Amino acid sequence: QVRSLLDAEATRAAIVQAWHEHLLAAAAPGVQLFFHFSGHGSQTPSLDPDEPDGLDESLLAYDSRLPGGSDLLDKELGYLIRQAEGRGAQVSVLLACCHSGSG
């Protein structure tokens, strides 16, 4: 079961919604989940005082640079991954973008 978000479909809200409706909804012991992002990555000053380099890495959704848009932060992606793992799922992530090292 594959859910693809292409071009204008890949807004920040749609990515997060797909995580909830497609990945987290299926998360259970023994289930393998796969998330792939190909696009642009970035860095932004972190509000986390414990961030070693002072920067958060992020994924740029289609609408990230539009008025009112925002990136999907590494910490937010990590939270979604931990939710799935907390339900017993095994999660694999493939990020093909700049600044993806902390993914």
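This write-up is about the structure you can find in this document. (Residues numbered from 1 in each chain as written. Predicted model: local features only at pLDDT ≥ 70, side-chain atom pairs only at ≥ 80, totals over all residues. Heavy atoms only, no water.)

### Thoughts on the environment of Asp48
Note on placement: Asp48 falls in the loop between strand E2 (40–45) and strand E3 (55–60). On the basis of relative accessibility, which here comes to 28%, the residue Asp48 falls in the partly exposed class. When the C-alpha positions of Asp48 and Leu66 are compared, they lie 25 Å apart, and in sequence the two are 18 residues distant. (Helix = DSSP H or I, 4+ residues; strand = E, 2+ residues; numbered from the N terminus. Buried < 20%, exposed > 50% of the residue type's maximum accessible area, 1.4 Å probe, protein only.)

### Focus on the sheet that holds E2
Read from one edge of the open sheet, three strands run E2-E3-E4, paired in antiparallel fashion. In this open sheet, the two edge strands, each paired with only one partner strand, are E2 and strand E4 (72–73). As paired strands, E3 and E4 are joined by two bridges and run antiparallel to one another. Pairing of Ser58 across the sheet is with Leu73, part of E4. (Pairing = 2+ DSSP bridges.)

### Looking at helix H2 (residues 74–86)
Taking 1.5 Å per residue, 13 residues should reach 18 Å; H2 reaches 18 Å between its end C-alpha atoms and fits that length. On its buried face, H2 is in contact with helix H1 (12–23), strand E1 (32–38), E3, E4 and strand E5 (90–96). Backbone geometry just after H2 places Gly88 at a positive phi near 95 degrees. (Expected span 1.5 Å × (residues − 1). Contact = heavy atoms within 4.5 Å.)

### With respect to the pattern of salt bridges
On inspection of all chains with the given rule, the structure shows four salt bridges. Between Lys75 and Glu51 there is a salt bridge, with the nearest N and O atoms lying 2.4 Å from each other. Here Lys75, found in helix H2, pairs with Glu51, found in the loop between E2 and E3; they are 24 residues apart in sequence, far enough to count as distant. Look at Glu51 and you get buried, because its relative accessible area is 17%. For Asp71, the salt bridge identified is with Arg65, shortest N-O distance 2.4 Å. A residue is classified by how much of its surface remains accessible, and Asp71, at 10% relative accessible area, is buried. (Salt bridge = Lys/Arg side-chain N within 4 Å of Asp/Glu carboxyl O.)

Any functional reading would require information beyond the geometric quantities listed.
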